[in-house]
Amino acid sequence: MTSAFGTILKRDLLLALRRRSEIFTVLFFFIVVISLFPLGVGTEEKILQQMAPGVVWIAALLASTLALDRLFSADYEDGTLEKIVLSPSSLSMSVFAKILAHWLLTGLPLVLISPLLGLFYHLPMDSIFVMMFVLFIGTPVLSMLGAIAAALTLGLRGGGVLVSLLVLPLYIPVLVYGAGAISTSMITGVSIEPYVLLLLAFSLLSIVFSPWVTAAALKISLE
Amino acid sequence: MTSAFGTILKRDLLLALRRRSEIFTVLFFFIVVISLFPLGVGTEEKILQQMAPGVVWIAALLASTLALDRLFSADYEDGTLEKIVLSPSSLSMSVFAKILAHWLLTGLPLVLISPLLGLFYHLPMDSIFVMMFVLFIGTPVLSMLGAIAAALTLGLRGGGVLVSLLVLPLYIPVLVYGAGAISTSMITGVSIEPYVLLLLAFSLLSIVFSPWVTAAALKISLE
Amino acid sequence: MKINWFKYSAPMSFYPLAGKLIPLFWIAAIMLILGGLYWGFFKTADILNDQKQYYRIIYVHVASAWMAMWLYAVMVFWAMLGLIFNTRLSYMLASATAVTGTVMTIIALATGAIWGKTSWGTYWDWDPKLTTFLILLFVYIGYIALQSAIDDVRRSDKASALLALVGLALVPIIYYAVNCPDPTQCASLHQESSLKRVESNILIGMLVTTLGFWMYSFATTLMRARIIVLERERSTTWVSNLPEISLAETSNSKIEARTETRS
Amino acid sequence: MSLEVIKLQCQRGEKELFSELSFALRSKQLMRIEGQNGTGKTTLLRTLCGLYQPEAGEVHWNGKSIKKLGEEYLKDLFYLGHHNAIKADLSALENLQINTALAGETYSEDDLLQALDDIGLFGSEYKPTAHLSQGQKRRVALAGLLLSKAKLWVLDEPFVALDGFAVKLLQEVIAKHIENEGMAILTTHQEVPLTNGEILSISLDLNSSSTGNESTSSDD
Amino acid sequence: MSLEVIKLQCQRGEKELFSELSFALRSKQLMRIEGQNGTGKTTLLRTLCGLYQPEAGEVHWNGKSIKKLGEEYLKDLFYLGHHNAIKADLSALENLQINTALAGETYSEDDLLQALDDIGLFGSEYKPTAHLSQGQKRRVALAGLLLSKAKLWVLDEPFVALDGFAVKLLQEVIAKHIENEGMAILTTHQEVPLTNGEILSISLDLNSSSTGNESTSSDD
Amino acid sequence: MTEFFSMGGFGIFIWSAMGIALALMILEPVSLIMKRRSVIKQIKRTKRLDARRKQN
Ligand code: HEM
Ligand SMILES: Nc1ncnc2c1ncn2[C@@H]1O[C@H](COP(=O)(O)OP(=O)(O)OP(=O)(O)O)[C@@H](O)[C@H]1O
Ligand SMILES: Nc1ncnc2c1ncn2[C@@H]1O[C@H](COP(=O)(O)OP(=O)(O)OP(=O)(O)O)[C@@H](O)[C@H]1O
Ligand SMILES: [Mg+2]
Ligand SMILES: [Mg+2]
């Protein structure tokens, strides 16, 4: 069981490193999104600070959906997905490995690059740390939910747009509380604990259920 | 020559919009993207108005990027790209047809749905018209430049990414001036003409050169 | 063959039964809606003075809003039934329900927006209730989009049912998030049911129209389900033996056409 | 060790491909599925692997339904489809290593290289498979077969794109597998001499009436 | 009408596939390229089409270099590669219509349907090709051949995935084309009897020395 | 009467709300009836074709 997990994780990371374009697209998109607002809005510090939490989460949401379309469809087209389904180990674990790889390639880079946004938007140091932390616990939810939609739309026409249409509304709770946590962190004396706890709960729930649902969806789509 | 152009244009549109309902999928995708920002950033009328120009261009960039990845690679993988290259008509024209289809599917729907964004973001009537106009002349540039990047990344691993990293930053002037035009239109007494002229120039230049460069890049990638 | 009996004959017996029920639902729907609106417009004149006339939108607004939510639950119910028992009819009913649910959501949004213009002075605001409904519309559209993107019936049934289930798990969370962006101040999330503040006279009209909308939903859902049955079972013998399909007996199909227009 | 197919019925869209299809396969037997294009060979093979849910009927492995066996059954199974199931960006060696690891088997790099060598890929082990010719890609997929310890091989058109040398090699590999108590089911449109063990063959051809199957057993 | 290959040399990476390869093909001739997997058959065919730039040497069509001829040459050419060049989301009919239109030819829907019927796709004309079997997909690609007015056919493994009936049909189609003043170049690993016209054959096999080619002409 | 329709100046809103609801709720069954007709027509056509094919 663990062997299939490790194999698939290693494989997906290897593939991404060979082909690099995915990571770059995601990062590029993220940076463009966060740098476009200050240009239009002007450089008033207060407004920028007010917008920053929402902008960073929306940038994360959209960037994460960019790579979703190819999450399973690349494997589907060359037949390796069948190999994975037919491997004598739990399909949910294999799916989990794929989702983890997706997060490592799209979520994690965003977490790492987010201080740049703090710079653009004049965020205080504390808020930057809060931002990195909530991104760290929130972005996995995006990959988890996205995987379900990606599995359901496997091999369908208009993949990218269809996946986003299905998945973006489902991202809303993460968006609301993720942005809420960062905003709250800029108000002194208010605890961000409730936000963090909610995000953690989402994260755990999605990690428990999503691989399982995704595996079921994959089996349906493969027929 | 015209026949290949028409055939490819029709084919790509047909592929994307097999059914009428798929047009709605594209439109709703934009509505979803547009609706995310107020949820994340807040619903104050002033902030919404200030964000609107950025939001609409990000939506354009997102849709354009989502479809870009598959612009040539789908045809490459099933061998139809060879058929197109071997068709006895100018390759640049065929490429132009593909790019046009890409714009019709990602740029035009956004132009059409943008009044709704005006409603959601409480924009004045004039700005809505300005927005539609600059989207109309600006989004083709996204498709044109994107096509070059897509063709370059097609066959060349790693290397193509670097080149497309050179192409993508060219997006930024379009986004900045496009958003700038809309912001400016909300300030009374300032002319948006310089923005429009610049965008028009970008548009024309890219329409003239991009199909040609893309065709050359495709031939290299196909070897 | 034992298991298949249920699976295969269900649409066959459903089809004529639904055909008989549809006219009844139509009659009930039309009578209830007209009755409710009549009451609302002519029996409440004294309550609604000129400044509050716009309140009459409530009859269609609330009725459609309730149906929009309720039909989602119904859709998920059928989808779940389909996933558990693998009965084809439940899948068909699920997809038939989705479209009527979408129509209801659109009506609620449109009438709500118009109401908003009269009462708040703007068509759209990012009020939690409105936002929730917009998201509900997205979820419906997503379901329909997924279904129409899949050609294979078997896959489309199962995939969209799974999506509906995921939606069921997430819609309450989304509702909570939208209504309560600040979790520290959500001790009493639930705003008191707005019904209590409504005049009983208006309430009557509202409830009667809602019931009418309900009947309407039954009628359209069944009609759509019958079409889906026809499309999917077109190659079976029982479909080609149907009076409306048979080629020779034109008189029969005329009768069918007449009942069709009557309903 | 036995594979039993019991009254299987498969349908694609509205078209029934076959119904009431029953056969059994035991160790040391090879089965060839015949039929024209589009008669349902691939669908049948995928059903045997559990990738496709039949309308009716069951597939049993050692007397138990493969649905219930789950991973137990997959351990004994090697499936090769129309697609090669290799990643174009990875080298032949990496692909083989991943595919064997997925099958739950671990080999040293030497073993993997030996297998690639045996199948005639000497010198191309480290190239990305995108840079291989069609037949070489198929060989990468087949290299997994050389190493597989699975009892049941399900091969969909294994000979496609291979040159004469590779076809012969593959025949020998299959023959050896059958000899070693293995069993195999395959389809092929090419006329290739198969193993010298027991060969069953069924035909899904359309013209063989609506039930669409006849099971003939023939020894070599 | 003649295709001339002059001292062609092709290289992939650092490996030289063939060099000093020269041959000529005239109307009513069919050429079969032989060679093991990975010897460069596909590369040669793609070079003949202008899809691949050779290291050295030239390809002439009617005495003129194909580079200079450009679209002129493409009009006379029909290429079928390893891939089917059909869109999975479109129906067989739509695919055929698009492919003929791309080749610069226009046919009525009846003609297209007739071609699909001839190649044995009756009843599957309107299905998305994603829902066809492997062999049926190949047939869709080959239906273009039935309608093609091109003089020169370049076919890379045309018989792959086809059943016996379709292989025979394709043989006849090729034979007829050759008879009608056409010419064809193909590769195939299957042993299939080809046309009864003049058959040339060259082999790219590795063992045939470093220049890698010998050109033998044999009549049937 | 005009007073009734003007609804204290809110007529345009009330009637357009009612109108949208009514339009959608008529459009839906009408489109369903038309769909049903076309489906039946299509099934009949294939049936007729089948019958003819069997005769030949
Ligand atoms: C969750 C679904 C909904 C329900 C159950 C619902 C129900 C109601 C009810 C009972 C009222 C009357 C409240 C009162 O006594 O003032 C009302 C008012 C209103 N609704 Fe909705 N509604 C829903 C969704 C919507 C939507 C989606 C919109 C807009 C697009 C909307 C816009 C309005 C407006 C503008 C008012 C008037 C508020 C006022 O002036 O008091 N509602 N709704
Ligand atoms: N994904 C699919 N969806 C719907 N129908 C399909 C699908 N795949 C195949 N079919 C249909 O099922 C039938 C059987 O297909 P299958 O691939 O099993 O044939 P096959 O015997 O393997 O043919 P071939 O020799 O060409 O490989 C075909 O008629 C095809 O039209
Ligand atoms: N895209 C590529 N990049 C680099 N090298 C390649 C590429 N494609 C093929 N090659 C190499 O060129 C050689 C010839 O490949 P080619 O596809 O022409 O062989 P082939 O004779 O058609 O073989 P097959 O019978 O397997 O189809 C192979 O050794 C292969 O490794
Ligand atoms: Mg097959
Ligand atoms: Mg080849």
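Being a predicted model, the structure only gives us computed values, none of them experimental. (Residues numbered from 1 in each chain as written. Chains lettered and ligands numbered in written order. Predicted model: local features only at pLDDT ≥ 70, side-chain atom pairs only at ≥ 80, totals over all residues. Heavy atoms only, no water.)

A. Molecular detail of the environment of L61 of chain B. Residue position: L61 of chain B is located in helix α3 (residues 45-78). Exposure remark for L61 of chain B: the relative accessible area of 1% places this residue in the buried category. Along the chain, L61 of chain B and T106 of chain B lie 45 residues apart, while their C-alpha atoms are 9.1 Å from each other. Setting aside chain neighbours within four positions, we find L61 of chain B in contact with F29 and V32 of chain A together with L142, Y171 and L175 of chain B. (Helix = DSSP H or I, 4+ residues; strand = E, 2+ residues; numbered from the N terminus. Buried < 20%, exposed > 50% of the residue type's maximum accessible area, 1.4 Å probe, protein only. Contact = heavy atoms within 4.5 Å.)

B. Spatial organisation of the sheet that holds strand β4 (residues 56-61) of chain E. Residues and elements named next belong to chain E. A sheet is described by the order of its strands in space; here 4 strands give the open sequence β2-β1-β4-β5, paired in antiparallel fashion. Across the chains shown, the open sheet's two edge strands, defined by having one partner strand only, are β2 (15-26) and β5 (64-65). By the bridge criterion, 2 bridges tie β4 to β5 in an arrangement that is antiparallel. Note on β5: the bridge partner recorded for H60 is S65. Contacting β1 (2-12), β2 and β4, helix α1 (residues 41-49) runs over the sheet at an angle of about 125 degrees to β1. (Pairing = 2+ DSSP bridges. Axes fitted to C-alpha atoms, helices over the stretch in contact; angles between N-to-C directions.)

C. Quick look at the packing of aromatic side chains. Evaluation of the coordinates by the stated rule reveals 24 aromatic pairs over all chains. Between Y177 of chain A and F202 of chain A, the aromatic rings sit 6.1 Å apart at their centres with planes inclined by 45 degrees, giving tilted as the arrangement. Here Y177 of chain A, found in helix α9 (residues 172-185), pairs with F202 of chain A, found in helix α10 (residues 193-222); they are 25 residues apart in sequence, far enough to count as distant. You'll find Y177 of chain A and F202 of chain A in the same group, each marked buried. Over the ring of F78 of chain D we find K83 of chain A; its NZ or CZ atom is 4.7 Å from the centre of that ring. (Phe/Tyr/Trp six-rings, centres within 6.5 Å; stacked < 30°, edge-to-face > 60°. Lys NZ or Arg CZ within 6 Å of the ring centre and 35° of its normal.)

D. Main features of the side chain of D78 of chain A. Structurally, D78 of chain A is set in helix α4 (residues 69-78). For D78 of chain A, the side chain forms a polar contact with the side chain of T80 of chain A, separated by 2.6 Å. In this view, D78 of chain A contacts H83, N84, A85, I86 and K87 of chain D; residues no more than four positions away in its chain are not counted. (Polar contact = N/O pair within 3.5 Å; in protein donor to acceptor, adjacent residues only side chain to side chain.)

E. Broad picture of the coordination of the magnesium ion (ligand 5). At the metal site, the magnesium ion (ligand 5) is ligated by T42 of chain E (OG1) and H82 of chain E (NE2), and these contacts range over 1.9 to 2.4 Å. Residue T42 of chain E is found in helix α1, and its partner H82 of chain E is found in the loop between β6 (77-80) and α4 (92-102); the two are separated by 40 residues along the sequence. (Donors = N, O, S within 2.8 Å, 3.2 Å for Na, K, Ca; no water.)

F. Inspection of the interface of chain F and chain C at higher detail. Listed per partner, the contact involves 29 residues of chain F and 45 residues of chain C. In total, chain F and chain C occlude about 3300 Å² of area from one another, counting both sides; carbon and sulfur atoms represent 75% of this. On the chain F side of the contact with chain C, M25, E28 and R36 of chain F bury the most area, a combined 21% of that side's loss. As a salt-bridge pair, K35 of chain F and E231 of chain C come within 3.4 Å of each other at their nearest N and O atoms. Run the count over chain F and chain C and you get 8 residue pairs in polar contact (both at pLDDT 80 or more). Residues that form the side of chain F that touches chain C fall into these classes: 18 nonpolar, 4 polar and 7 charged. (Buried area = accessible area lost by both parts, 1.4 Å probe. Salt bridge = Lys/Arg side-chain N within 4 Å of Asp/Glu carboxyl O. Nonpolar A, V, L, I, M, F, W, Y, C, P; charged D, E, K, R; others polar.)

G. Quick peek at the packing of α4 of chain A against α3 of chain B. Look at α4 of chain A against α3 of chain B: their axes get within 14 Å of each other, and the N-to-C directions meet at 5 degrees. Compared by their axis directions, α4 of chain A and α3 of chain B come out roughly parallel. Contacts between α4 of chain A and α3 of chain B pair D69, R70 and E77 of chain A from the former with D69, R70 and E77 of chain B from the latter. In the contact of α4 of chain A with α3 of chain B, the residues fall into no nonpolar, no polar and 6 charged. (Parallel < 35°, antiparallel > 145°, perpendicular 65-115°, else oblique.)

H. How the structure looks around the confidence of the model for chain C. Across chain C, pLDDT averages 82, with 81% of residues at or above 70. Element-level mean pLDDT values for chain C span from 47 in helix α8 (residues 250-262) of chain C up to 92 in helix α2 (residues 58-85) of chain C. (pLDDT = per-residue confidence, 0-100.)

I. The site of ligand 1, seen in detail. Residue and element names in this part refer to chain C. In the vicinity of ligand 1 lie 21 residues, with Y55, H61, S119, L130 and F133 positioned nearest. H61 places a side-chain nitrogen or oxygen 2.7 Å from a nitrogen atom of ligand 1. Secondary structure elements with two or more residues in the shell around ligand 1: α2, α3 (88-119) and α4 (128-149). Within the shell around ligand 1, the residues separate by chemical class into 14 nonpolar, 5 polar and 2 charged. (Near = heavy atom within 4 Å.)

J. Expanded view of the site of ligand 3. Residues in close proximity to ligand 3 total 21 residues, the closest being S133 and G135 of chain D together with K41, T42 and T43 of chain E. Near ligand 3, the surrounding residues belong to chains D and E. Within the contact set of ligand 3, an oxygen atom lies 3.0 Å away from a side-chain nitrogen or oxygen of N37 of chain E. Residue H189 of chain E places a side-chain N or O atom 2.8 Å away from an oxygen atom belonging to ligand 3. For ligand 3, whose unbound accessible area comes to 630 Å², protein coverage reaches 91%. Considering only residue class, the shell around ligand 3 consists of 3 nonpolar, 14 polar and 4 charged. (Areas by Shrake-Rupley, 256 points an atom, 1.4 Å probe, with all protein chains shown as cover.)

K. Molecular detail of the packing of helix α4 (residues 92-102) of chain D against helix α6 (residues 134-147) of chain D. All names here are of chain D. Running from amino to carboxyl end, α4 crosses α6 at an angle of 45 degrees, the nearest separation of the two axes being 9 Å. Judged by the inter-axis angle, α4 sits oblique to α6. In this structure, α4 meets α6 at a crossing whose hand is right-handed. For the pair formed by α4 and α6, the contact residues are A92, N95, L96 and T100 on the first element and V140, A143, G144 and L147 on the second. Class assignment of the residues belonging to the contact of α4 with α6 gives a composition of 5 nonpolar, 3 polar and no charged. (Left-handed = near helix turned anticlockwise from the far one by under 90°.)

L. Region of interest: the pattern of salt bridges. Applying the stated criterion to the full structure yields 37 salt bridges over all chains. In this structure, the salt-bridge partner of E82 of chain B is R46 of chain E, at a minimum N-O distance of 2.3 Å. One end of the pair, E82 of chain B, is in helix α4 (residues 80-85); the other, R46 of chain E, is in helix α1, on a second chain. Across the pair R139 of chain D and D163 of chain D runs a salt bridge whose closest N-O atoms are separated by 2.9 Å. Here R139 of chain D, found in helix α6, pairs with D163 of chain D, found in the loop between β7 (152-156) and α7 (164-179); they are 24 residues apart in sequence, far enough to count as distant. This pair shows no difference in class: R139 of chain D is buried, exactly as D163 of chain D is.

M. The arrangement of the sheet that holds strand β2 (residues 15-26) of chain D in detail. All names here are of chain D. Read from one edge to the other, the open sheet built from 4 strands follows the order β2-β1-β4-β5, with strand pairing classed as antiparallel. Each edge of the open sheet carries a strand with a single partner, namely β2 and β5 (64-65). Pairing of strand β1 (residues 2-12) with β2 involves 8 bridges; the strand directions are antiparallel. Bridged to Q11 within β2 is E16. Of the strands in this sheet, β1, β2 and β4 (56-61) touch helix α1 (residues 41-49), which is tilted by about 125 degrees from β1.

N. Fine view of the environment of A103 of chain E. All names here are of chain E. Structurally, the position occupied by A103 is in the loop between α4 and α5 (109-118). Residue A103 is classed as partly exposed on the basis of its relative accessible area of 32%. A sequence separation of 70 residues divides A103 from I33, and the C-alpha atoms of the two residues are 25 Å apart.

O. Layout of the pairing of strand β8 (residues 183-187) of chain E. Residues and elements named next belong to chain E. Judged by how many residues are buried, β8 sits mostly within the fold: 5 of 5 residues are covered. Of the two faces of β8, the one lined by M183, I185 and T187 and the one lined by A184 and L186 are each fully buried. Summarising the sheet, strand β3 (residues 29-34) and β8 pair through 4 bridges and their orientation is parallel. Across the sheet, residue I33 finds its bridge partner in β8, namely T187. In this structure, strand β7 (residues 152-156) lies alongside β8, joined through 5 bridges in parallel fashion. Each bridged residue has a counterpart across the sheet, and for V154 the counterpart in β8 is I185. Handedness of the β-α-β unit built from β7, helix α7 (residues 164-179) and β8 comes out right-handed. (Right-handed = clockwise from strand over helix to strand, strands pointing away.)

P. Representation of empty space enclosed by the protein in the model. Tallied over the full model, the rule gives 10 cavities of 30 Å³ or more. Residue assignment for the lining of the largest cavity shows that the elements contributing at least two residues are α4 of chain B together with α3 (71-75), β6, α4 and α6 (134-147) of chain E. Among the residues forming the lining of the largest cavity, the class breakdown is 14 nonpolar, 9 polar and 4 charged. Of the voids in this model, the second largest cavity is the one considered here, and its volume is about 230 Å³. The wall of the second largest cavity is formed by 21 residues, among which K83 and L86 of chain A together with L77, F78 and Y79 of chain D lie closest to the centre. Only α5 (80-85) of chain A together with α3 (71-75), β6 (77-80) and α4 of chain D provide two or more residues apiece to the lining of the second largest cavity. (1 Å grid on protein atoms, 1.4 Å probe; cavity = no way out; pocket = protein on both sides within 12 Å on 5 of 7 lines; lining within 4 Å. Points joined across faces, edges and corners; volume = space filled by probe spheres on them.)

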